[in-house]
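Listed below, chain by chain, are the residues.
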Amino acid sequence: MYDDAILQSVVVACPDCDLLNQVPELVPGDSAFCIRCNATLARNPKDGLERGLALTCTAAILFVVANVFPFLSFGMDGLVTHTTLVTGIVGLYNQGMVFVAAVVAVTIVIVPTLVLVGLMYLLFPLRSGRCLPGSELVIRWIIRMYAWNMVEVFMIGIVVAAVKLHTMAVLIPGLAAWSFMLLIFVFAWLSISVDVRVLWSRLEAAR
Ligand SMILES: [Zn+2]
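Per chain, the residues get numbers from 1 upward, laid out in the order the sequence is written. At least 70 in pLDDT is required for a residue's local features to be given in this predicted model, at least 80 for side-chain atom pairs to be given and counted, and no such filter applies to totals for whole chains, interfaces and linings, which use all residues.

## Comments concerning the domain arrangement of the chain
Here comes step 1: Domain boundaries in the chain define domain 1 (1-44) and domain 2 (48-206).
Here comes step 2: Using only C-alpha atoms to locate each centre, domain 1 and domain 2 end up separated by 30 Å.
Here comes step 3: C-beta atoms are first placed from the backbone for all residues, and any pair lying within 7 Å is then listed as a contact. On the domain 2 side, the residues contacting the 9 residues of domain 1 number 8 residues.
Here comes step 4: In this count, Pro and Cys sit with the nonpolar residues alongside Ala, Val, Leu, Ile, Met, Phe, Trp and Tyr, while Asp, Glu, Lys and Arg are called charged and the others, Gly among them, polar. Tallied by class, the residues present in the side of domain 1 that touches domain 2 amount to 5 nonpolar, 2 polar and 2 charged. The domain limits used here are those given by an automatic or database domain assignment.

## A look at the environment of V86
Here comes step 1: Note on conventions: DSSP H or I runs of at least 4 residues are helices, E runs of at least 2 residues are strands, and numbering of each starts at the N terminus. Relative to the elements of secondary structure, V86 occurs in helix α2 (residues 85-94).
Here comes step 2: Look at V86 and you get partly exposed, because 14 C-beta atoms sit within 10 Å. Three exposure classes are used, all based on how many other C-beta atoms lie within 10 Å of a residue's own C-beta (placed from the backbone): buried at 20 or more, exposed at 12 or fewer, and partly exposed between those limits.

## Regarding the sheet that holds strand β5 (residues 72-76)
Here comes step 1: Two strands qualify as a pair provided DSSP detects at least 2 bridges between them. With antiparallel pairing, the 3 strands of this open sheet are ordered in space as β6-β5-β7. Of all strands in the sheet, those bounded by a partner on one side alone are β6 (79-83) and β7 (170-173). Each adjacent strand pair in this sheet contributes to an overall mean axis angle of 20 degrees, direction not counted.
Here comes step 2: Here β5 pairs with β7 via 4 bridges, running antiparallel. Residue pairing in the sheet places S73 in a bridge with I172 of β7. All axes here are fitted lines through C-alpha atoms, helices being fitted over the stretch that makes contact, and every angle between N-to-C directions spans 0 to 180 degrees.

## Digging into the pairing of β5
If a strand is regular, its side chains alternate between the two faces of the sheet.
Here comes step 1: Judged from the 5 bridges that link them, β5 and β6 form a sheet pairing that is antiparallel. Counted as the bridge partner of F74 is T81 from β6.
Here comes step 2: Counting the residues that bridge the hairpin from β5 to β6 gives 2 residues, and of these D77 lies at a positive phi of roughly 55 degrees.

## Notes on unusual backbone geometry
Here comes step 1: For D18, which is not glycine, the phi torsion reads 70 degrees and is therefore positive.
Here comes step 2: Checked against the element boundaries, D18 lands in the loop between β1 (10-13) and β2 (20-23).
Here comes step 3: Using a count of 10 C-beta atoms within 10 Å as the deciding quantity, one classes D18 as exposed.
Here comes step 4: In this structure, N38 is a non-glycine residue whose phi angle is positive, near 70 degrees.

## Quick look at helix α1 (residues 50-68)
Here comes step 1: By this rule the span expected of a helix is its residue count minus one, scaled by 1.5 Å. Here α1 spans 27 Å end to end across 19 residues, near enough to the 27 Å set by a 1.5 Å rise per residue.
Here comes step 2: Turning to α1, its buried residues number three or more, namely G52, L53, L55, T56, A59, L62, F63 and A66.
Here comes step 3: Looking at the buried positions of α1, the neighbouring elements they touch are α2, α3 (98-127) and α6 (175-193).

## Points about the packing of α1 against α3
Here comes step 1: With their axes 10 Å apart at the nearest point, α1 and α3 run at an angle of 150 degrees to one another. The angle between α1 and α3 falls in the class roughly antiparallel. Considering only the axes of α1 and α3, their crossing is left-handed. For the pair α1 and α3, contact is made by G52, L53, T56, A59, A60, F63 and N67 and by V109, P112, L116, L119, M120, L123, F124 and R127, respectively.
Here comes step 2: In terms of residue class, the contact of α1 with α3 is made up of 11 nonpolar, 3 polar and 1 charged. By the definition adopted for this analysis, an angle is roughly parallel if under 35 degrees, roughly antiparallel if over 145, roughly perpendicular if from 65 to 115, and oblique otherwise. Here is the rule for handedness: rotate from the far helix to the near one, and if that takes an anticlockwise turn smaller than a right angle the crossing is left-handed, while a clockwise turn gives right-handed.

## Some thoughts on the nonpolar core
Here comes step 1: In these notes, a nonpolar core means any group of buried Ala, Val, Leu, Ile, Met, Phe, Trp, Tyr and Cys residues linked to one another through C-beta atoms within 7 Å. In this structure, A59, A66, L183 and V186 are the most contacted members of the largest nonpolar core, which totals 37 residues.
Here comes step 2: Here this core spans two domains, and each of domain 1 (1-44) and domain 2 (48-206) adds at least three residues to it.
Here comes step 3: Non-local contacts of A66, meaning those with residues more than four positions away in its chain, are made with L85, A176, S179, F180 and L183.

Written as structure tokens, this is what we have:
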């Protein structure tokens, strides 16, 4: 009988040194390492998909807060302006920076939304051993899109701009900025918690 908690034995090319390794069956809690450079080849997390799902839900809540609440308050000459992520993108567009506005919208809003919705579409049913139509396509698209999720690059840009402007104006980070900061760490944790091989293995068992 096929046990969906066990990762089947496969041959894996090491991501660091390219050596082909025979990875044995992995029971929950096991990891496999390259015999030449000791890089991690595969992991079968003890908690299965639970941690990935919890982190996806946390990221979704933080992402909604980051998009709904004020991101930055900008005070100068007694005038205070509140901006949100969306008004910032619209502001770039209105100033004629259409390409920059489009890049920010794609990397900060659209891609993270699609990745989080895609992960929920996969993880909720897979947790109970089921899968929804088109799940294979969703996994492939999440892998492709994840490289374009650039919340941390955007935050570095905001910090650099804030440091340069702090002598000219008062900048107060809003709830959305703190939420965005936390989101960076949750996304990083999520990327190491959801193993693609585990997803494919669960999907195969659910079909
Ligand atoms: Zn290696």
